[in-house]
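Read off the chains here:
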Amino acid sequence: MSKKLNKIILLLLLLNASFIGAQETNENNTDIPVKAKGFHFGLYIGSYFANKYTASLYDGYGYDIDGKRNSFLNSFMYNKIILEYGGGYPGTVDQVAQALNVDPGAWNFSESDMPVNMKYVPSFYLGLQSRYTVDKKNAILINVNAAKINISGNFTITTTPVSGSTQINKAIRTFAIKGEEQRLILQFGYNRILGDNEKVNFYVEGGLNITLTKFSKNDILINNETTSTSLHIDLTASYSSINGYGAYVTKKPIGTGFGLFSGLGVNFTMSPSWTIQLGYNPSFERINIGENPRLKLQHAVGIRAYYKF
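Colleague: Requested: an account of the overall build of the protein, with residues and values cited.
Modeller: Summing up its helical and strand segments, the protein has three helices and eleven strands in all. Along the protein, helices (α) and strands (β) appear in the sequence α-β-α-α-β-β-β-β-β-β-β-β-β-β when read from the amino end. Looking at the protein as a whole, 43% of its 309 residues are labelled buried. Only carbon and sulfur atoms are counted for the fraction: they give 59% of the accessible area of the protein, which is about 16100 Å².

Right, here's the structure in full:
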């Protein structure tokens, strides 16, 4: 992902390099006066690094209708692996054993096998940017950024030797659990240009952010997808519907939290109309899903391109 971002940044800089040192002119080839005040609109592209604090939301336990974390026996993974796909209900087939290529019941899944290493994967960060410049150094910001974040982890299942086998050792097998989350982040703040160079200066910024977070999906895969015996289990189906064969209904976590953002970087004045900013934005965001949400530090790096109308 970092290689792709570097290529995008290089492309944007090359496309705008012809503007460096140029002044906008009219048909008589005379300079057009540049107004200090005005609206600028643009795009942002970068990478978003989410704090792992809320990654445990995707560890297969799930949450009930009141937003409380399930116990192991009420967890989504227990209901799916043991009861629904593991032949736990009368008349059902042990599809887990088929995927593991063992005899029915010749495997075990306990609380110690649940995922404990859930983490967010760095994601693309895209946004619409706007600012109102009060003068050449000060501007008011209103930004809308979005990220679709993947979550990854592992869980285990222990198999026992098939009937009649001379093997005595149990085998611990590791499989993948994945999740996906959407975040929409609104930023209201202030940007300050540092220095008086006509072309290149540092900048700082800061303000309030509002983060809307939505649980998208959660699933597990027993065996690789390329194998004929792979078993894909959608844990997301446990939200917004009857939980397996259970009697209660729950819903996907979604919530809005308030926090603060800041930023620093380099401001390139490409022309009177175009501005490029390369920056780093740490932020304290309250990801308001799951239990006990807290302000946690997130990180983003990227490039903004503004056009002045």
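After that view, the rundown keeps rolling.
Colleague: Account for the packing of aromatic side chains, naming residues and giving values.
Modeller: As enumerated under the stated definition, the model contains twelve aromatic pairs in all. Here the aromatic rings of Tyr 44 and Tyr 125 are separated by 5.6 Å at their centres, their planes lie at 85°, and the arrangement is edge-to-face. On the criterion of sequence distance, the pair formed by Tyr 44 in strand E1 (residues 38–49) and Tyr 125 in strand E4 (residues 123–133) is long-range, its members being 81 residues apart. Accessibility assignment for this pair places Tyr 44 and Tyr 125 in one class, buried. Ring-pair connections join several aromatic residues into one group, and the members of that group are Phe 39, Phe 41, Tyr 132, Trp 274, Tyr 307 and Phe 309. Lying across the ring of Tyr 61, Arg 69 places its NZ or CZ 4.1 Å from the centre.

Colleague: How would you sum up the pairing of E4? Please name residues and give values.
Modeller: In this structure, E1 lies alongside E4, joined through eleven bridges in antiparallel fashion. When the sheet's bridge partners are listed, Leu 43 is paired in E4 with Leu 128. When E4 meets strand E5 (residues 138–159), the two strands line up antiparallel, connected through nine bridges. Residue pairing for E5: Tyr 125 is matched across the bridge by Ala 147. With antiparallel pairing between neighbouring strands as the criterion, E4 and E5 make up a hairpin whose turn holds four residues.

Colleague: Hey, could you go over empty space enclosed by the protein for me, with residue numbers and the actual values?
Modeller: Summed over all chains, the structure comprises one cavity of 30 Å³ or more. Secondary-structure elements contributing two or more residues to the lining of the largest cavity are E1, E4, strand E6 (171–194), strand E10 (274–286) and strand E11 (295–308). Top element by residues in the lining of the largest cavity is E10. It accounts for three residues. Residues that form the lining of the largest cavity fall into these classes: five nonpolar, five polar and two charged.

Colleague: How would you explain the pairing of strand E8 (residues 231–234) if you had to name every residue and give the values?
Modeller: Taking every second residue as pointing to the same face, the buried face of E8 carries Leu 231 and Ile 233, while none of His 232 and Asp 234 on the other face is buried. Inspection of the sheet shows strand E7 (residues 200–222) paired to E8 by four bridges, in the antiparallel sense. Its bridge partner lying in E8, Asp 219 is registered against Asp 234.

Colleague: Kindly report on the environment of Lys 296, identifying the contributing residues and their values.
Modeller: In this fold, Lys 296 is placed in strand E11. Taking the relative accessible area as the measure of exposure, Lys 296 reaches 26% and is therefore partly exposed. For Lys 296 and Gly 259, which are 37 residues apart along the polypeptide, the C-alpha to C-alpha distance reads 9.0 Å. Residues contacting Lys 296, with those up to four places away along its chain left out, are Asn 51, Tyr 53, Ser 283, Phe 284 and Glu 285.

Colleague: Describe the pattern of salt bridges, listing the residues and the values that go with them.
Modeller: Enumeration according to the criterion identifies six salt bridges in this entry. In this structure, Glu 180 engages Lys 217 in a salt bridge whose closest nitrogen and oxygen atoms are separated by 4.0 Å. Residue Glu 180 is found in strand E6, and its partner Lys 217 is found in strand E7; the two are separated by 37 residues along the sequence. Of the residues examined, Lys 217 reaches a relative accessible area of 40% and is grouped as partly exposed. Close ionic contact of Glu 181 with Arg 183 constitutes a salt bridge, the shortest N to O distance being 2.6 Å. With respect to burial, Glu 181 and Arg 183 carry one shared label: buried.

Colleague: Tell me about the nonpolar core, and name the residues and values.
Modeller: Most often, soluble globular proteins keep nonpolar side chains buried together rather than apart. By size, the foremost hydrophobic cluster in this structure holds 47 residues, and its most contacted members are Trp 107, Phe 109, Phe 155 and Ile 222. Sorting the residues of this core by element identifies E1, helix H2 (76–84), helix H3 (95–100), E5, E6, E7 and E8 as the ones contributing at least two each. The greatest single-element share of this core, amounting to six residues, is contributed by H2. When neighbours within four sequence positions are excluded, Ile 222 is seen to be in contact with Val 96, Ala 99, Leu 100, Phe 155, Ile 157, Phe 175, Thr 229, Ser 230, Leu 231 and Ile 233. Ile 45, Met 270, Ile 276 and Ala 305 belong to the second-largest nonpolar core, a separate cluster that totals five residues.

Rules behind the numbers
For every chain, the first residue of the written sequence is number 1, and numbering continues from 1 along that sequence. Since the coordinates come from a predicted model, pLDDT governs what is reported: local features require at least 70, and pairs of side-chain atoms require 80 or more to be given and counted, while whole-chain, interface and lining totals use all residues. Side-chain figures throughout are based on the complete set of non-hydrogen atoms in the structure, without hydrogens or water. Counting from the N terminus, the helices are DSSP H or I runs at least four residues long and the strands are E runs at least two residues long. Each residue is assigned to one of three classes by its accessible area relative to the maximum for its type, calculated with a 1.4 Å probe on protein chains only: buried under 20%, partly exposed between the two thresholds, exposed over 50%. All accessible areas in this document rest on Shrake-Rupley with a 1.4 Å probe, and a residue is counted as covered only by the protein chains that are shown. What counts as a ring pair is set by centres within 6.5 Å for rings of Phe, Tyr and Trp (its six-membered ring), and what kind of pair is set by the plane angle: stacked under 30 degrees, edge-to-face over 60, tilted for all other angles. For a lysine, the NZ atom is tested; for an arginine, the CZ atom; a charge sits over a ring if that atom is within 6 Å of the ring centre and within 35 degrees of the ring normal. Pairs of strands are assigned from DSSP output, requiring at least two bridges between the strands. Cavities and pockets are found on a 1 Å grid laid over the protein atoms alone: a cavity is a set of points where a 1.4 Å probe fits but cannot escape, a pocket is an open set with protein on both sides within 12 Å along at least five of seven lines, and a lining residue has an atom within 4 Å of such a point. Grid points are joined across faces, edges and corners, and a volume is the space filled by probe spheres set on the points. In this classification, Asp, Glu, Lys and Arg are treated as charged, Ala, Val, Leu, Ile, Met, Phe, Trp, Tyr, Cys and Pro as nonpolar, and every other residue, Gly included, as polar. Two residues form a contact once any of their heavy atoms are found within 4.5 Å. Each salt bridge in this description consists of a side-chain nitrogen of Lys or Arg and a carboxyl oxygen of Asp or Glu lying within 4 Å of one another. For this analysis, a nonpolar core means a set of buried residues of the types Ala, Val, Leu, Ile, Met, Phe, Trp, Tyr and Cys, connected via side-chain atoms within 4.5 Å.

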